[in-house]
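Fold and contact review
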Amino acid sequence: MEQAEVLRNKLLGENLVKNLEKRGMAAYYCATKEEAVAKALELIPETDVVAWGGSVSIKEVGLLDVIKKRNPVIDREIAETPEEKQELMRNALLCDTYLMSSNAISKDGQLVNIDGNGNRVAAMIFGPKQVVMVVGMNKVAGTLEGAIDRARHVAAPINAARFAGLGTPCAKLGTCADCLSPDSICCQMVITRISRVKGRIKVILVGENLGF
């Protein structure tokens, strides 16, 4: 990464931390993936039961591998049937710490997330004692409208492409068609303006590109 980009991420990240804190969230800026993992482990007690959404970012930084070895977890991927997977996803709503990323963040500190099943945004809103987000600076948009656009037209089509056989227009065209498909992964769009419980949502900003 060019030095100018490193400096830009640092300056933007430090300002975004302040804006997130104004909205009742705890926020931290970490220059590297390694620093982000160390910060996350600092925030998560070893006794916490941990669950997570389908986040590429928490896998890319290596946090998920560490947590699986360190903490009791609720892992829906070990389910042997669809019914068992649904039950694990429900149980995750009552975990101690929920891990996820954000599809986009506006520079004034609003989180934008799109979900299909809704389990990820449900956990973000209510249930787990705390939510720890790991977010690359590539997900920061200048305005709320820009963050919504990024979530819908960048994050969602790429996410749709990950799932084989998905019948949505974005999976075929690479762009949002504002569809009403039964396969839609954009059933819920949640804008988080404020954390009602101060510090419950903790955002770790990473000065690298993570996820999509």
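Counting from 1, residues in each chain are numbered in the order their sequence is written. Totals for whole chains, interfaces and linings use every residue, but because this is a predicted model, local features are given only for residues with pLDDT of at least 70 and side-chain atom pairs only at 80 or more, for both listing and counting. Only hydrogens and water are set aside; all other atoms, that is, all heavy atoms of the structure, feed into the side-chain values.

Quick word on the sheet that holds strand 9 (residues 201-206)
Strand pairing is assigned whenever DSSP identifies at least 2 bridges connecting the two strands. Each helix corresponds to a stretch of at least 4 residues labelled H or I by DSSP, and each strand to a stretch of at least 2 residues labelled E; elements are numbered beginning at the N terminus. Strand order in the open sheet formed by 5 strands is 1-9-6-3-2, with parallel pairing between adjacent strands. In the strand order of this sheet, the two ends are held by strand 1 (26-30) and strand 2 (50-52), each with one partner. Geometrically, the sheet is characterised by an average inter-axis angle of 20 degrees between neighbouring strands, direction not taken into account. Bridge analysis of strand 6 (residues 130-136) against strand 9 gives 6 bridges, and the strand direction is parallel. Where helices are involved, their axes are fitted lines through C-alpha atoms of the stretch in contact, as for all axes, and angles between N-to-C directions lie from 0 to 180°.

Points about the nonpolar core
Soluble globular proteins tend to pack their nonpolar side chains together in the buried interior. Remark: nonpolar core denotes a set of buried residues (Ala, Val, Leu, Ile, Met, Phe, Trp, Tyr, Cys) joined through side-chain atoms within 4.5 Å. A simple rule labels every residue: compare its accessible area, found with a 1.4 Å probe on the protein chains alone, to the largest value its type can have, and call it buried under 20%, exposed over 50%, or partly exposed in between. Leu 20, Tyr 98, Met 133, Val 203 and Leu 205 are the most contacted members of the largest nonpolar core, which has 27 residues in total. At the level of secondary structure, the elements contributing two or more residues to this core comprise helix 1 (3-22), strand 3 (97-100), helix 6 (119-125), strand 6 and strand 9. In terms of residue count, the dominant contributor to this core is helix 1 (4 residues). Apart from residues no more than four positions distant in its own chain, Tyr 98 is found in contact with Ala 51, Trp 52, Gly 53, Ala 92, Asn 119, Arg 120, Ala 123, Pro 128, Gln 130, Val 131 and Val 132. Ranked by size, the runner-up nonpolar core spans 19 residues in total, among them Leu 43, Ile 44, Ile 67 and Ile 204. Any two residues having at least one pair of non-hydrogen atoms within 4.5 Å are treated as being in contact.

Quick look at unusual backbone geometry
Trans peptide bonds make up the majority, and among non-glycine residues the majority have a negative phi. The residue Asp 178 is not glycine, and still its phi comes out positive at about 50 degrees. On the secondary structure map, Asp 178 appears in the loop between helix 8 (169-173) and strand 8 (188-192). Relative accessible area serves as the criterion here: at 57%, Asp 178 is assigned to the exposed category.

Topic: the environment of Asp 108
Within the secondary structure layout, Asp 108 lies in the loop between strand 4 (104-106) and strand 5 (111-115). Put simply, Asp 108 and Lys 22 are 86 residues apart on the chain and 9.4 Å apart in space, counted from C-alpha to C-alpha. If sequence neighbours within four positions are ignored, Asp 108 has contacts with Asn 19 and Arg 23. Counting of polar contacts relies on pairs of N or O atoms within 3.5 Å, with two restrictions inside protein: one atom must be capable of donating a hydrogen and the other of accepting it, and residues adjacent in sequence are counted only when both atoms are side-chain atoms. A polar contact is formed between the side chain of Asp 108 and the side chain of Gln 110, at a distance of 3.2 Å.

Topic: the sheet that holds strand 5
Strand order in the open sheet formed by 4 strands is 7-4-5-8, with mixed pairing between adjacent strands. Looking at the sheet topology across the chains shown, the edges are occupied by strand 7 (140-141) and strand 8. Note that strand 4 and strand 7 share 2 bridges and pair parallel. Within strand 7, the position partnered with Ser 106 by the bridge is Ala 141.

A few points about the pattern of salt bridges
The salt bridge definition used is simple: a Lys or Arg side-chain nitrogen within 4 Å of an Asp or Glu carboxyl oxygen. Counted under the stated rule, the structure contains 9 salt bridges. Measuring nitrogen to oxygen at the nearest pair gives 3.6 Å for the salt bridge that ties Arg 76 to Glu 77. Since its relative accessible area comes to 55%, Glu 77 is described here as exposed. Note that Arg 152 and Asp 178 form a salt bridge whose closest N and O atoms lie 3.0 Å from each other. Residue Arg 152 is located in helix 7 (residues 144-161), and its partner Asp 178 is located in the loop between helix 8 and strand 8; the two are separated by 26 residues in the primary sequence. Here Arg 152 falls in the partly exposed class, since its relative accessible area comes to 25%.

The values are spatial; any link to function lies outside them.
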